[in-house]
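One-letter residues, chain by chain:
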Amino acid sequence: MPQLQIYDTASRRKETFTPLRAGEVRLYVCGPTVYDLAHVGNARPVVVFDSFVRLLRRHYAAVTYVRNITDIDDKIMQRAHQRGQSIAEVTAHTTQVFHADMAALNALPPDHEPRATDFVDGMIAMAETLVAKGHAYAADGHVLFDTTSMPDYGVFSRRSQDELIAGARVDVAPYKRNAMDFVLWKPSDEQQPGWDSPWGKGRPGWHLECSVMSEALLGETFDIHGGGIDLVFPHHQNELAQSTCAHDGAVFANYWMHNGHVTVGGEKMSKSLGNFLTVHDLLGEQPGEAIRLTLLSAHYRQPLDFTKDLVAESRRILDRWYRAVGAAEAAAALPEAVEAALCDDLNTPRAIAEMHRLADQAMAGDGAAASSLKAIGEVLGLLQATPGAWFQGLSAADGLSAEVIEGLIEQRRQARQDKDFATSDRIRDDLAERGIVLEDSAAGTTWRRGG
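This structure is a prediction, so every number in the text was calculated from the model and none was measured.

Trainee: Describe in detail the side chain of Thr91, supporting the description with residues and values.
Mentor: Within the element layout of this structure, Thr91 appears in helix H3 (residues 87-104). In this structure the side chain of Thr91 is engaged in a polar contact, spanning 3.2 Å, whose partner is the backbone oxygen of Ala88.

Trainee: Account for the pairing of strand E2 (residues 13-16), with residues named and values stated.
Mentor: Strand direction decides the pairing type here: strand E1 (residues 5-8) and E2, joined by four bridges, are antiparallel. Note on E2: the bridge partner recorded for Gln5 is Thr16. What sits between E1 and E2 in their antiparallel hairpin is a turn of four residues, with Arg12 showing a positive phi close to 60°.

Trainee: How would you summarise the packing of aromatic side chains if you had to cite specific residues and measurements?
Mentor: Overall, the coordinates contain ten aromatic pairs when judged by the stated rule. Here the aromatic rings of Phe145 and Phe182 are separated by 5.0 Å at their centres, their planes lie at 15°, and the arrangement is stacked. Within this pair, whereas Phe145 is found in strand E6 (residues 142-145), its partner Phe182 is found in strand E7 (residues 182-187), the two being separated by 37 residues in sequence. Pair check on accessibility: Phe145 and Phe182 agree, each one buried. Put simply, the rings of Tyr28, Phe156, Phe222, Phe252 and Trp256 pair up and form one aromatic cluster. The cationic tip of Arg177 hangs over the ring face of Tyr137; the distance from NZ or CZ to the ring centre is 4.1 Å. Positioned above the aromatic ring of Tyr7 is the side chain of Arg301, whose terminal nitrogen or guanidinium carbon lies 4.2 Å from the ring centre.

Trainee: Before we move on, can you summarise unusual backbone geometry with the specific residues and values?
Mentor: Excluding glycine, a negative phi dihedral is what most residues carry, and trans is how most peptide bonds are arranged. In this structure, the amide linkage connecting Phe233 to the following residue, Pro234, adopts the cis form with an omega of 5°. In this structure, Pro234 sits in helix H7 (residues 232-246). Backbone geometry at Arg158 places phi at a positive 55°, although glycine is not the residue there. Assignment of secondary structure puts Arg158 in the loop between E6 and helix H5 (161-166). Of note, Lys419 is a non-glycine position whose phi angle comes to about 60°, a positive value. Residue position: Lys419 is located in the loop between helix H15 (402-417) and helix H16 (421-433).

Conventions adopted
- Residues numbered from 1 in each chain as written.
- Predicted model: local features only at pLDDT ≥ 70, side-chain atom pairs only at ≥ 80, totals over all residues.
- Heavy atoms only, no water.
- Helix = DSSP H or I, 4+ residues; strand = E, 2+ residues; numbered from the N terminus.
- Polar contact = N/O pair within 3.5 Å; in protein donor to acceptor, adjacent residues only side chain to side chain.
- Pairing = 2+ DSSP bridges.
- Phe/Tyr/Trp six-rings, centres within 6.5 Å; stacked < 30°, edge-to-face > 60°.
- Buried < 20%, exposed > 50% of the residue type's maximum accessible area, 1.4 Å probe, protein only.
- Lys NZ or Arg CZ within 6 Å of the ring centre and 35° of its normal.

Set out below in structure tokens:
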């Protein structure tokens, strides 16, 4: 089995992965801030790291995967105010939809999914530690990290001083010693959620949340920290600064992995630009596996320019692959070429190219190729349904449920029995226009979605 190579954002090169503990991998990936529905850009790290964890579990006996939920944030407070709802109502609903949407993309649940509000005591404790060690200071109800106390602050993210100042995320205020200093704790008024602390009622800064949750579940130093490329700065830079300084220079994460942006017309997909597509809406048009295949079609570190046409093409590809695998069982081992591709910094485009080749062989009657195709699908979270369920269940994406189709087939059967062939043909043709193919035999009529 080839050695696993991953591109480490910290070193800016591909590294041979060696876990801190033999046979065990501990992984933390930044999860959603649950104030709105997840868009496709939010889904990309979920799909990428779900595939990566599936690969890790082939190589290591113990893999602990943590992905957090940020359920206290100014964006959540603003959304609750806009909707006239409580913060708890906003976060509960958004989290529920997030889970359902990600499950539809065949993303397995993480081993732990900590919520920020359950770890506030630890956040207060880390802020106190940083103050005591001279890495933070209290001012005007705030606690701020003193960036001058860390000589190599900014080296990880390789940002200019102007960018570091911009990344502090709070307007330069008179209580700040340095423009680059960032907030660990901030005051809350009577209308805002808050917790009692040595500095008064307040709430944690975003960066502090992940430092504390990762330490609580994975330890001071763990193997891999992941997330979207937009998190390198300021979020991951500041996580690293807090955690390293709180633990007297101890390494925070041994490796850092970041997926590229999802773009629309070359621009980053984001809620602020209004150019986003929510996963929830897309699932009303296309099956989750088609969205997943689209997100895996480019190398995870590269930008992916996302269009609905790409998803439609992914759906056609999956139609063909489902026909190719038929009733095959997954092979015991991945093809060597695919194992090598995935161990080479999760090169999913190379693995997908091999799936196309195997599908050609399987369609020509090669059973071993069909089994290998199924095995690759298990690692990539694809081909998870039976062909029958795929071709029938997906009809709902065309606006037709299985029950509606079965009802129309029964109407057509009755029309044929009544020798009303015009009605029979019309039902068949109407279904064909909507991608539903009827197949008549002595045993009756079955159906599948065409493609």
